[in-house]
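Inside the fold
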Amino acid sequence: MSEFFLVARISSTAGKNGFVKIELFTDYPERFYKLKNIFVDFFNDKKELKIQSVKKLKKSILLKFENFNSSQDVNILVGKDLFIKEDELLVLPDNQAYIHDIVGSTVLKNDIKIGVVTDIIILKSNNVYVIKENNDNELLIPAIDDYVEKFDSRNKILILKPIENIYDDDES
C-alpha cells in the first residue's frame, strides 16, 4: 500500500472552464507542472484525478482535471485536500527535510535524549519544533541554525546545539 502526502488544498473554482485554485502546502510549486495525476480525498478514500492543465495566475496555481469542464463540475472539489504518492516526493537538498521525516524523531541535547518531536508549527518567519520532553512537558524550539545542530533523517534524530540554559524553563 502506498503512502500519500498532502501537497495542497483546493480553495476555490477559477473561472468557468473547470479550473480550480489551490492553496499550496509545499515549498516547491513547480512540482505541479510535472505531475500527471494527483489524489483527492473523499471521506478518507483517495481518488486519482488526471491533471489536464496547470497555470500560474499571479501568485496562485490553477489546476484543470480531465473530465471536469465547468465551474459546476469542480465545485464538489472545493475544500478537498490533494495528495501525491510517496514515489512522487522530490529529493530535497541536504539541509532540508520533510515534516513527516522530522515528526517522531528522537531529540538529543549534549548526547542525551531529551524527548521526541511531536509536531511542527509552520510560521512565516520560521518553523517551530514541538518536543515532548521525557518528563511529559512540551518544549518549543525554533527550527533555525541557532538552535539545531543537525537532523539525521536516516536515523530520525534531531540534535540540538549544546547551548547552556537556552532550553531551560524560565520559571524558577
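To keep things clear, this report deals only with the structure shown in the data block. (Residues numbered from 1 in each chain as written. Predicted model: local features only at pLDDT ≥ 70, side-chain atom pairs only at ≥ 80, totals over all residues. Heavy atoms only, no water.)

Here's the deal with a nonpolar patch on the surface
On the surface, Ile121, Leu123 and Leu140 cluster together to form a nonpolar patch covering roughly 240 Å² of accessible area. Relative to the helices and strands, Leu140 is located in strand 10 (residues 138-142). Of the residues examined, Leu140 reaches a relative accessible area of 46% and is grouped as partly exposed. (Patch = residues over 30% accessible without salt bridge, like charges linked within 9 Å, V, L, I, M, F, W, Y side chains within 5 Å. Areas by Shrake-Rupley, 256 points an atom, 1.4 Å probe, with all protein chains shown as cover. Salt bridge = Lys/Arg side-chain N within 4 Å of Asp/Glu carboxyl O. Helix = DSSP H or I, 4+ residues; strand = E, 2+ residues; numbered from the N terminus. Buried < 20%, exposed > 50% of the residue type's maximum accessible area, 1.4 Å probe, protein only.)

Focus: the sheet that holds strand 7 (residues 106-109)
The 6 strands are arranged 10-9-8-7-12-11 in an open sheet whose pairing can be described as mixed. Each end of this open sheet is capped by a strand with a single partner; those strands are strand 10 and strand 11 (148-152). Taken over all neighbouring pairs, the strand axes of this sheet differ in orientation by 30 degrees on average, direction set aside. Taken together, the 6 bridges between strand 8 (residues 112-121) and strand 9 (residues 128-133) define a ladder with antiparallel strand orientation. Within strand 9, the residue paired with Val117 across the bridge is Ile131. (Pairing = 2+ DSSP bridges. Axes fitted to C-alpha atoms, helices over the stretch in contact; angles between N-to-C directions.)

A short note on the nonpolar core
With 25 residues, the main nonpolar core has Ile22, Phe32, Ile38, Leu63, Phe65, Leu77 and Leu82 as its most contacted residues. When residues of this core are traced back to their parent elements, those giving at least two are strand 1 (4-14), strand 2 (19-24), strand 3 (37-42), strand 4 (45-57), strand 5 (60-65) and strand 6 (81-85). Setting aside its immediate chain neighbours within four residues, Phe65 contacts Ile10, Gly18, Val20, Ile38, Leu49, Lys50, Ile51, Gln52, Leu77 and Leu82. Of all hydrophobic cores here, the second largest spans 12 residues; its members include Val117, Ile120, Tyr129 and Leu158. (Core = buried A, V, L, I, M, F, W, Y, C linked by side-chain atoms within 4.5 Å. Contact = heavy atoms within 4.5 Å.)

Examining the pairing of strand 2
Relative to strand 2, strand 1 runs antiparallel, the two being bridged by 6 bridges. By the bridge assignment, Ile10 is partnered in strand 2 with Ile22. Linking strand 1 back to strand 2 in an antiparallel pair, the connection comprises 4 residues, with Gly15 at a positive phi of about 85 degrees. One ladder, built from 4 bridges, connects strand 2 with strand 5; its direction is antiparallel. Looking at strand 5, one finds that Lys21 is bridged to Leu62.

Overview of the pattern of salt bridges
This model, assessed by the stated rule, comprises 4 salt bridges. Lys46 is the salt-bridge partner of Asp41, the closest N and O atoms lying 3.0 Å from each other. Owing to a relative accessible area of 15%, Asp41 belongs among the buried residues under this scheme. Between Lys47 and Asp45 there is a salt bridge, with its nearest N and O atoms 3.0 Å apart. Judged by its relative accessible area of 36%, Asp45 is partly exposed.

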